[in-house]
Amino acid sequence: MSAASNLRSEDQFLCSICLDVFTDPVSTPCGHNFCKTCISQHWDTNGRQKCPMCNRVFKRRPELDINTLFSEMVAQFRREAQQKASSSSSEQQAAKPGEVPCDVCTGTRLKALKSCLVCQTSYCQTHLEPHLTVKRLKRHQLIDAVENLEGRMCTKHDKPLELFCKTDQTCVCVLCSVLDHKNHEFVPLREEYEGKKAELEKTEAEIQQMIQKRRLKIQEITESVKMSKDAADRQKIEGFQVFIALMESVERRLKELMKEIEDKQETTEKQAEGLIKDLEQEISELMERSSEVEQLSRSEDHLHLLQSFSSLKAAPPTKDWTEVRVCPPSYEGTVGRAVAQVEETIRKAELKRVQQYEVDVILDPDTAHPNLILSDDRKQVYHSDVEKKLPDNPERFSRYVNVLGEQSFSSGRFYFEVQVKGKTGWALGVATESINRKGRITASPQDGFWTVVLRNGNKYSARASPPVRLHLHPGPEKVGVFVDYEEGLVSFYDVGAAALIYSFTGCSFTHKLHPFFSPCLNDGGKNSAPLIICPANQTESIND
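Conventions adopted
Residues numbered from 1 in each chain as written. Predicted model: local features only at pLDDT ≥ 70, side-chain atom pairs only at ≥ 80, totals over all residues. Heavy atoms only, no water. Helix = DSSP H or I, 4+ residues; strand = E, 2+ residues; numbered from the N terminus. Buried < 20%, exposed > 50% of the residue type's maximum accessible area, 1.4 Å probe, protein only. Contact = heavy atoms within 4.5 Å. Core = buried A, V, L, I, M, F, W, Y, C linked by side-chain atoms within 4.5 Å.

Engineer: Can you explain the environment of Val-100? Please cite residues and give values.
Structural biologist: With respect to the helices, strands and loops of the structure, Val-100 is situated in the loop between α3 (68-91) and β3 (114-116). Exposure remark for Val-100: the relative accessible area of 14% places this residue in the buried category. Excluding residues that lie within four positions of it along the chain, Val-100 makes contacts with Ala-95, Leu-110, Lys-111, Ala-112, Ser-122, Ala-145, Val-146 and Glu-147.

Engineer: Provide a residue-level description of helix α2 (residues 36-46), including the pertinent values.
Structural biologist: When α2 is considered as a whole, its buried residues turn out to be Cys-38, Ile-39, Ser-40 and Trp-43. As for α2, its buried residues are in contact with β1 (25-27) and β2 (33-35). In the segment just after α2, Gly-47 is the residue with positive phi, at about 80 degrees.

Engineer: Now, about unusual backbone geometry: what can you tell me, with residues and values included?
Structural biologist: One can expect most non-glycine residues to show negative phi and most peptide bonds to be in trans. With an omega of 0 degrees, the peptide bond between Ser-465 and Pro-466 qualifies as cis. When you line up the elements, Pro-466 lands in the loop between β15 (459-462) and β16 (468-470). Of note in this structure, Ala-498 is not a glycine but carries a positive phi near 50 degrees. Residue placement: Ala-498 occurs in the loop between β18 (489-494) and β19 (499-504). In this model, Cys-520 sits at a positive phi of 65 degrees, which is unusual for a non-glycine residue. Within the fold, Cys-520 resides in the loop between β20 (513-518) and β21 (531-534).

Engineer: An account of the nonpolar core is needed here, citing residue identities and associated values.
Structural biologist: Counting 37 residues, the largest nonpolar core has Trp-426 and Phe-517 as the members making the most contacts within it. By size, the runner-up hydrophobic cluster in this structure holds 12 residues, among which are Cys-15, Cys-35, Val-74 and Leu-137.

Next up, the structure:
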């Protein structure tokens, strides 16, 4: 049998009322076949005897007898369909928990592939075939297999939910659109579905973007933690080395202190021993004379006493011990001097620690005020009364006699030293790349400056908010500047005294930092000495 005839034969065995294979088929006088129960119920419901296929009206209800020959053909078709379903079921899988089962299968229910909104039935591959081949059934609306098909029907009109009411934001059937939702705005479910799907895709993209941002933030935080751990490990090693050296230094200073005290005590004891020895010698001699005197004084012989008295040894020379004292040595300041030495050692250790981050800084001529003179190696700068004709580029300071270092730093630590010897005014520190260079400048952290300045030869201050007066006597001849970008720290050191001058802490750096220099005005020659960027001479070893 050809495929076409096979499709026609399947169509012929389906009742046009129930759309299923005939059960007890009967024929109407007009020649159309129906299930006996289906046509009887149809006529009972409508009250008229009319053929559902050709609409022929019968004056009286026809006698309906089962068509024996056609019934046998239907039975044969049903057996073949069952055999075919049985063969196909062996190839298909039974519905698993959570999967939609076929509503037509008997016995083992196979997994449904599609659900029909018209038939309110879910079909496996075999039982779905009529909906794919039979002309009348191909018009039915199929969707991917779902449970609760009743939920896709209008509970009021028993019609499929095919429209979306945009006014009430709900799904409705065709009858709802003309009865309960009259004058509302409607669109097909698919159109609203596509719109909502597009919104969901956009939302999903936004969520994915948010997720990505948070993953990047996690990566950033993780990297920050790693950097922090690396820095902590370095600090541990540095701290361990410094404190081991400090403990060795303290132990050595302690030994020196003990020896100094013991030496003083030993000197005192030796002095006392010498005096006691002399005293004991005199006592011995005096006792010998005392014995002779005592013996002569007991003599009863007048002549002998008088003759011997003149020959009695002269008194041995003795020392006047009245003012002789053994004074305990003075230990005043001994411990204090030892502590001061330890403190100096600690200061040198701190300065040596930051000096290891020294960078080679040179001045940037493109930022220098026109009255500033830079040396050929760009390591020195001083103020001149003669203003040079230079291009007023955006980087150049035009109002204040300032200049920046050429190097910029946006992470890590760096250190440089500047000689300020012989100057009565200067300013040193760091500044952000974004600072104002043309108008009036307030050299404060809020404006991107972290500096220490000298004015009028003896007035030192840290340009914080408000400025902090610094009491430095004598003032430094060389200043060290140390920056820890991540920690937000800017520290200034008196290199000669190995002493901390001032620290800006808790800074929040978000731009590149440049070394900052101002030799200030030459003040008629009083402040003509240059600022000199010089290499750091590493301070002596802690153990020195």
